[in-house]
Amino acid sequence: MSQQNKQWGAIIIMIALFAMIAFVTNLCSPMAIIVKNDFGASNTLAQIGNYGNFIAYLVMGIPAGMMIAKIGYKKTALIGLVLGIIGILVQWLSGHMGREIAFLVYLIGAFISGLTMCILNCVVNPMLNLLGGGGNKGNQLIQTGGVFNSAAAVAVYIIMGALIGDAAKAHIADATPALMIALGIFVVAFIVLFFSKIEEPEQAPVDLSLIKGAMKYRHFVLGTIAIFVYMCIEVGTPTYILQYLTSAPDAATPGLGMDASIVGQIVAVYWFLMLVGRFVGSAIGGKISSRAMITTVSSISL
């Protein structure tokens, strides 16, 4: 196998992992509808899955980077996939338990899945940038991965909307087919990645002193704030549209009482348009700098 073929093999694997991240992460938003009905939770408390998922990023961010430095991208990704399998199984088990403990078990499963998503994000983004040679080409590959990421998110909302149907009668067990799809993706990805050869870039030794000094760099601080705000928009918008449209008109927090299967398709349009944006980004990313792109789209958004 030539060096070029090896590189394309690694690119395909990273893009597939990019799609998987979106599929599992976006399960949390429609699952909030189920949690709200199954446990009588408020709109805020129903987001417990999203909380658990993203709190895991806070916990796992630095350890994931240290893992990559110690054992490399491939082994780190394999560990992440094993955790993902465990997280999905724990969420599935929560749908077959009594209400007294099911809520806690579901939260634990969402947290474990969040650890996986953090690990895979730490692997996929820099690896695609490296495989693209950095600069505009590296950014272009990340945007291409984003296209598949958005496509997986579209699929999640359509599938989960169809499974939930009447939100007032939804239970965690109803999400079993989607959870099994996610489980199957994790297992297949683990097998493919395990038998694949990925050329690992040289890693600098772990230096904890760099963590303390990171906040002195303005671009790092501003980037941290930017990604925080971005995630609020990316996750919050479809999540609360989903809750509002499915909530009954006479509920404590009233909504439109629409069928979840229809709402799933409406919210999927949001992610489809993100797919369009990322597709455009991937098409022009090789010629236009990431700075110019983000300045333009941020100005338009404002």
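Residues numbered from 1 in each chain as written. Predicted model: local features only at pLDDT ≥ 70, side-chain atom pairs only at ≥ 80, totals over all residues. Heavy atoms only, no water.

1. Topic: the overall build of the protein chain
A tally of regular secondary structure across the protein chain gives eleven helices and zero strands. Listing every helix and strand of the protein chain by position from the N terminus yields α-α-α-α-α-α-α-α-α-α-α. Radius of gyration (C-alpha) of the protein chain: 20 Å, near the 19 Å computed for a compact globule of 302 residues. Taken along the three principal axes of its C-alpha coordinates, the protein chain extends 55 × 40 × 40 Å. The burial tally for the protein chain puts 44% of its 302 residues in the buried class. If you take every contact in the protein chain between residues at least 6 apart in sequence, the share linking residues at least 24 apart comes to 79%. A total accessible area of about 15,200 Å² is found for the protein chain, and carbon and sulfur atoms account for 71% of it. (Helix = DSSP H or I, 4+ residues; strand = E, 2+ residues; numbered from the N terminus. Rg over C-alpha atoms; globule rule 2.2 N^0.38 Å. Buried < 20%, exposed > 50% of the residue type's maximum accessible area, 1.4 Å probe, protein only. Contact = heavy atoms within 4.5 Å. Areas by Shrake-Rupley, 256 points an atom, 1.4 Å probe, with all protein chains shown as cover.)

2. Considering the environment of Lys212
Looking at the secondary structure, you find Lys212 in helix H8 (residues 209-213). The exposed category is assigned to Lys212, whose relative accessible area is 75%. Along the chain, Lys212 and Met20 lie 192 residues apart, while their C-alpha atoms are 32 Å from each other.

3. Observations regarding the packing of aromatic side chains
Each aromatic ring pair is specified by the distance between its two centres and by the angle formed by the two planes. Applying the stated criterion to the full structure yields four aromatic pairs. With 6.1 Å between their ring centres and 15° between their planes, Phe190 and Phe194 make a pair best called stacked. In this pair, Phe190 and Phe194 both sit in helix H7 (residues 176-194), four residues apart, roughly one turn of the helix. Within the aromatic cluster, the residues linked to one another by ring pairs are Phe190, Phe194 and Phe195. (Phe/Tyr/Trp six-rings, centres within 6.5 Å; stacked < 30°, edge-to-face > 60°.)

4. Topic: empty space enclosed by the protein
Going through the model one piece at a time under the given rule, you end up with one cavity of 30 Å³ or more. By volume, the largest cavity is sized at about 30 Å³. Residue lining of the largest cavity: Thr25, Asn26, Ser29, Asn50, Phe54, Glu234, Val235 and Trp271, and that is the complete set. If you list the elements that add at least two residues to the lining of the largest cavity, you get helix H4 (48-94) and helix H9 (218-246). (1 Å grid on protein atoms, 1.4 Å probe; cavity = no way out; pocket = protein on both sides within 12 Å on 5 of 7 lines; lining within 4 Å. Points joined across faces, edges and corners; volume = space filled by probe spheres on them.)

5. Some details on the confidence of the model for the protein chain
Per-residue pLDDT for the protein chain has a mean of 80; in total, 94% of the residues score no lower than 70. Put simply, H8 is where the protein chain has its lowest mean pLDDT, 71, and H4 is where it has its highest, 87. Taken as a whole, residues 1-5 scores under 50 in pLDDT and shows two contacts with residues more than four places along the chain or in a different chain. (pLDDT = per-residue confidence, 0-100.)

6. What to know about helix H2 (residues 28-39)
An α-helical turn contains 3.6 residues, so a residue and the one three or four places further along point in the same direction. End to end, H2 covers 15 Å across twelve residues, agreeing with the expected 16 Å (1.5 Å per residue, within 8%). Most of H2 is tucked away: ten of the twelve residues are buried. Taken together, the buried positions of H2 are Cys28, Ser29, Pro30, Met31, Ala32, Ile33, Ile34, Val35, Asp38 and Phe39. Two residues or fewer after H2 comes Gly40, characterised by a positive phi angle close to 65°. (Expected span 1.5 Å × (residues − 1).)

7. Re the pattern of salt bridges
Overall, the coordinates contain one salt bridge when judged by the stated rule. The salt bridge partner of Arg278 is Glu234, with a shortest N-O separation of 3.7 Å. Within this pair, whereas Arg278 is found in helix H10 (residues 260-284), its partner Glu234 is found in helix H9, the two being separated by 44 residues in sequence. Accessibility classification places Arg278 together with Glu234 in one group, the buried group. (Salt bridge = Lys/Arg side-chain N within 4 Å of Asp/Glu carboxyl O.)

8. Description of the nonpolar core
Taken as a class, soluble globular proteins show a tendency for nonpolar side chains to be buried jointly. In terms of nonpolar packing, the biggest core is built from 64 residues, with Met14, Leu17, Leu81, Leu120, Leu128, Met160 and Phe186 touching the most fellow members. Going through the elements one at a time, helix H1 (3-25), H2, H4, helix H5 (99-131), helix H6 (135-164), H7, H9 and H10 are the ones with two or more residues in this core. Non-local contacts of Leu128, meaning those with residues more than four positions away in its chain, are made with Ile11, Met14, Ile15, Phe18, Gly138, Leu141 and Ile142. Among the nonpolar cores identified, the runner-up in size contains seven residues, and Ala56, Met60, Ala64 and Ile119 belong to it. (Core = buried A, V, L, I, M, F, W, Y, C linked by side-chain atoms within 4.5 Å.)

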